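Residue-level structural notes
In case you want the letters, here they are:
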Amino acid sequence: YSGVEAALQERLEIQRATLPADDPERAATLCRLGITLLTLDRPADAEPHLRECLSIREKKIPEHWTRFNGMSLLGDAVERQGRLQDAEEACRRIVALDPGSFQTRYNLAYLLLSRGDRAGGERELREVLRLKPDHDKAREALILLLKDLGRREEAEALRGKAGHP
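Residues numbered from 1 in each chain as written. Predicted model: local features only at pLDDT ≥ 70, side-chain atom pairs only at ≥ 80, totals over all residues. Heavy atoms only, no water.

**Description of the overall build of the protein chain**
Looking only at helices and strands, the protein chain has nine helices and zero strands in total. Counted from the first residue to the last, the protein chain has its helices and strands arranged as α-α-α-α-α-α-α-α-α. Taken against the 2.2 N^0.38 rule, which gives 15 Å for 165 residues, the C-alpha radius of gyration of the protein chain at 19 Å runs more than 25% over that of a compact globule. Each principal axis of the C-alpha atoms in the protein chain carries an extent, and together these give about 65 × 30 × 25 Å. Among the 165 residues that make up the protein chain, the fraction classed as buried is 39%. Of the roughly 8800 Å² of accessible surface on the protein chain, a fraction of 52% belongs to carbon and sulfur atoms. Positive and negative side-chain charges of the protein chain, numbering 28 and 29 respectively, have mean locations separated by a distance of 3 Å. (Helix = DSSP H or I, 4+ residues; strand = E, 2+ residues; numbered from the N terminus. Rg over C-alpha atoms; globule rule 2.2 N^0.38 Å. Buried < 20%, exposed > 50% of the residue type's maximum accessible area, 1.4 Å probe, protein only. Areas by Shrake-Rupley, 256 points an atom, 1.4 Å probe, with all protein chains shown as cover. Lys, Arg positive; Asp, Glu negative; His and termini not counted. Charge placed at Lys NZ, Arg CZ, Asp CG, Glu CD.)

Laid out in C-alpha cells, this is it:
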C-alpha cells in the first residue's frame, strides 16, 4: 500500500495545482488516500484528507451516499485515534443522514456506553433491534447492559425473544 499512497499523494499534488479546491475528482483522490492510510493503520494521517474530502462532498456532491461514506470513514479515523467524542459526533451526523443505518446506531451505542451513557446506549441498542431484530451483537450487548443495571427479568425476556437458551 505504500506505493499506492505515494501515487495518490503525487496525484493529489497535481490536482491541487490544476483543479479548483472543491473539484469532485480531488475529493475522490482524497477519499482514496484516506482509505489507503487507514489500511496502513495511520488514522491520524488519514483524518485531514478525509475531512477535506467530506468538506468538498458536502458542498459539491449532495447525494446521500457520498456524504455517508465520507462521514463513516472520518468516524473510523477518529475512533481509531481514541477520540470517542469526535467519533460519536460523526455517528450522529450519519444517523441524521440515514436514520435507518442500524450499523451506525450500533457503533453509536458502543461509543455512548464507552463514555458511561447507559441510557443513550440502551436507547440506541433498542433502535438497532427495532431496525434489525436479528442483530445478535446488539441483542447480547443489550442483555448484558440490562443485567448490569439490575434488570434481570427484562434481560431474560429479551434473551427468550431471540430463542437463546
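**Re the environment of E122**
As for its placement among the helices and strands, E122 is situated in helix α7 (residues 118-131). Among the residues examined, E122 registers a relative accessible area of 12% and is labelled buried. Taking the C-alpha atoms as reference points, E122 and L145, 23 residues apart in sequence, are found 7.5 Å from one another. With residues near it in sequence (within four places) discarded, E122 still touches L142, L145, L146, L149, R151 and E154. (Contact = heavy atoms within 4.5 Å.)

**What about the packing of α7 against helix α8 (residues 136-148)?**
Contact geometry of α7 with α8 gives a least axis separation of 9 Å together with a crossing angle of 145 degrees. Handedness of the crossing formed by α7 with α8: left-handed. Facing R118, G121, E122, L125, R126, V128 and L129 of α7, the residues of α8 in contact are A138, R139, A141, L142, L145, L146 and D148. When its residues are assigned to classes, the contact of α7 with α8 shows eight nonpolar, one polar and five charged. (Axes fitted to C-alpha atoms, helices over the stretch in contact; angles between N-to-C directions. Left-handed = near helix turned anticlockwise from the far one by under 90°. Nonpolar A, V, L, I, M, F, W, Y, C, P; charged D, E, K, R; others polar.)

**What about the state of the cysteines?**
Evaluation of the coordinates by the stated rule reveals zero disulfides. Just so you know, C31 is unpaired, no disulfide at all, and the nearest cysteine sulfur is the one on C53, 4.5 Å from it. Of all cysteine sulfurs, the one in C31 lies closest to C91, which takes part in no disulfide; the gap is 17 Å. (Disulfide = S-S within 2.5 Å.)

**Quick look at helix α2 (residues 24-39)**
With 16 residues, α2 should reach 22 Å at 1.5 Å per residue; the first-to-last C-alpha distance of 23 Å fits that figure. Inspection of α2 places R26, A27, A28, T29, L30, C31, L33, G34, T36, L37 and L38 among the buried residues, and these make up the whole buried set. The N-cap residue of α2 is D23: its side-chain oxygen and the backbone nitrogen of E25 are 2.7 Å apart. Immediately downstream of α2, the backbone of D41 shows phi near 60 degrees, a positive value. (Expected span 1.5 Å × (residues − 1). Polar contact = N/O pair within 3.5 Å; in protein donor to acceptor, adjacent residues only side chain to side chain.)

**Focus on the packing of α8 against helix α9 (residues 152-161)**
Close contact between α8 and α9 brings their axes to 7 Å; oriented N to C, the two are set at 160 degrees. One element, α8, and the other, α9, form an angle in the roughly antiparallel class. Here α8 runs over α9; the crossing is left-handed. Judged by residue contacts, R139, E140, L142, I143, L146 and K147 of α8 engage R152, E154, A155, E156, L158, R159 and K161 from α9. Looking at the contact of α8 with α9, its residues break down into five nonpolar, no polar and eight charged. (Parallel < 35°, antiparallel > 145°, perpendicular 65-115°, else oblique.)

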